[in-house]
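# Report on the structure
Now for the letters of each chain:
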Amino acid sequence: MKKIFTLICMAFVAMSVNAQEIWDVSSILTKSDPAGKYNGFQDGAITSVDNANVNYKQAGTQDSPLAEGTTDAEAYAAATSITLKDYVIEGSTTNCTMKIVSTPNHNENTSAATAFSINDKTGENNALSTDDCQPPFNVYISPKGNPTLTYFGYWFIGSNGASFKCNPGEPYNTPYTAESTTAPSKGAYTEITVKTAGDLRIGVRIPKTGKNRKVFFVKKSDGTKLAIDKYSASGFDNNNTLEFKTYTTTADYIVAPEVNNQFLGYIDVTLPANETYIMFSPDTQIGIYGFYFAPSGGSGISNVKASENVEAPVFNLAGQKVSKDAKGVLIQKGKKFVNK
């Protein structure tokens, strides 16, 4: 089955089989690396648009920085409005659309080609391609920027010449917190819209340690947060040579709290129809491998008996490996089936 998924990725397609839908970021990537790994984006894969938020300011420029010793308050008083640029990658299947957004800081002079980083670990660690991974993914992309409600930065003369200070903190910059009532409008985040209610599995890489791994799902229309019992994480601590585990989201929105290094795995979430949610971490950039979506209502469950696939591992909807005799809705070789 691993070979089948590899062929799908190389064909650059989004797949929908038996109403179970998979999109892999490799479908919009190209290979020019001597090792045969993905290291570029297909033409047109990244679009850009001016960010519409007006709450962004900057003081000074790299060529004309503020005086050495300028305080945050002095810089803010001298700041003028600026426009940041959003870079967007869109992946979609029949019922699910994902938009990965990167809003780099104003000092980075980023182009579409550098707004996202690509990390291909095919054949190495850090790839979601073991028998425990359903579906398997090999390469992730990471956006730039951090989700905040406002933005302020300034150039100043430092010990090494012109330096840039970004997001100096409140009251000059408003970070996202659990008490926020609107979704962030900039930074590194992922928009998700489903046409029909169902279960979504997102392949992610989160570089922070447990206490800094808060993940929110915020409804774009009104800023309300998805309850923590609606999503959980399963995967690896640091790389794919360690044990695959399932984790429960904590009361303060931390996923995989026991993981001490980077987390590579899945976030499983149940989403309602015709709503757009923004998934993000206020602490870091979430790398995206791709997604798997199964509409609810039974249409995504194929009538496959476990005995037909006795050699492949079997998982429940939480991503836990179970016996082939387990009861309920199970996943084997990327396909859902019901064991009664």
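Structural data are supplied above this passage.
What counts as what
Numbers given to residues run from 1 along each chain, matching the order in which its sequence is written. With the structure being a predicted model, the display of local features is reserved for residues of pLDDT at least 70 and the display and counting of side-chain atom pairs for 80 or more, all residues being used for whole-chain, interface and lining totals. Side-chain descriptors were evaluated using all non-hydrogen atoms of the structure, hydrogens and water having been removed beforehand. Pairs of strands are assigned from DSSP output, requiring at least two bridges between the strands. Secondary structure elements follow DSSP: runs of H or I no shorter than four residues count as helices, runs of E no shorter than two count as strands, and numbering proceeds from the N terminus. Comment: axis = line fitted to C-alpha atoms, over the contacting stretch for helices; angle = value between 0 and 180 degrees taken between N-to-C directions. Aromatic pairs are defined between Phe, Tyr and Trp rings, using the six-membered ring for Trp, whenever the two ring centres lie within 6.5 Å; interplanar angles under 30 degrees are classed as stacked, those over 60 as edge-to-face, and all others as tilted. For every residue, the accessible area (1.4 Å probe, protein chains only) is compared with the maximum for its type, and the residue is labelled buried under 20%, exposed over 50%, or partly exposed between those bounds. As a reminder, the over-ring test applies to NZ of lysine and CZ of arginine, requiring each to be within 6 Å of the ring centre and within 35 degrees of the ring normal. Each reported salt bridge corresponds to a side-chain nitrogen of Lys or Arg within 4 Å of a carboxyl oxygen of Asp or Glu.

## Here we look at the sheet that holds strand E16 (residues 216-219)
- Pairing within the open sheet is antiparallel, and its 6 strands lie in the order E5-E8-E9-E14-E20-E16. Pairing within the sheet leaves two strands with one partner each, and these edge strands are strand E5 (46-50) and E16. Each strand of the sheet is rotated relative to its neighbour by a mean of 25°, with strand direction disregarded.
- Here strand E14 (residues 188-194) pairs with strand E20 (residues 275-280) via 5 bridges, running antiparallel. Note that in E20 the partner of valine 194 across the bridge is glutamate 275.

## With respect to the packing of aromatic side chains
- The full count for this structure, using the stated rule, is 19 aromatic pairs.
- Arranged with centres 6.3 Å apart and planes meeting at 25°, the rings of phenylalanine 137 and tyrosine 289 form a pair that is stacked. Pair noted here: phenylalanine 137 is in the loop between strand E10 (116-120) and strand E11 (139-143) and tyrosine 289 is in strand E21 (residues 287-295), with a separation of 152 residues, a long-range link. Each member of the pair, phenylalanine 137 together with tyrosine 289, is buried.
- Within the aromatic cluster, the residues linked to one another by ring pairs are Tyr76, Phe152, Tyr154, Phe156 and Tyr172.
- Over the ring of tyrosine 38 we find lysine 31; its NZ or CZ atom is 4.6 Å from the centre of that ring.
- Over the ring of tyrosine 266 we find arginine 201; its NZ or CZ atom is 4.4 Å from the centre of that ring.

## Notes on the pattern of salt bridges
- Inspection of every chain in the model, using the stated rule, returns 6 salt bridges.
- Across the pair lysine 165 and aspartate 72 runs a salt bridge whose closest N-O atoms are separated by 3.1 Å. Of the two residues, lysine 165 sits in strand E13 (residues 161-166) while aspartate 72 sits in helix H2 (residues 72-78), which places them 93 residues apart along the sequence.
- By relative accessible area, which is 31% here, lysine 165 ends up partly exposed.
- By relative accessible area, aspartate 72 is classed as buried at 17%.
- Here the residues in one salt-bridge network are Lys219, Asp222 and Glu275, joined through shared partners.

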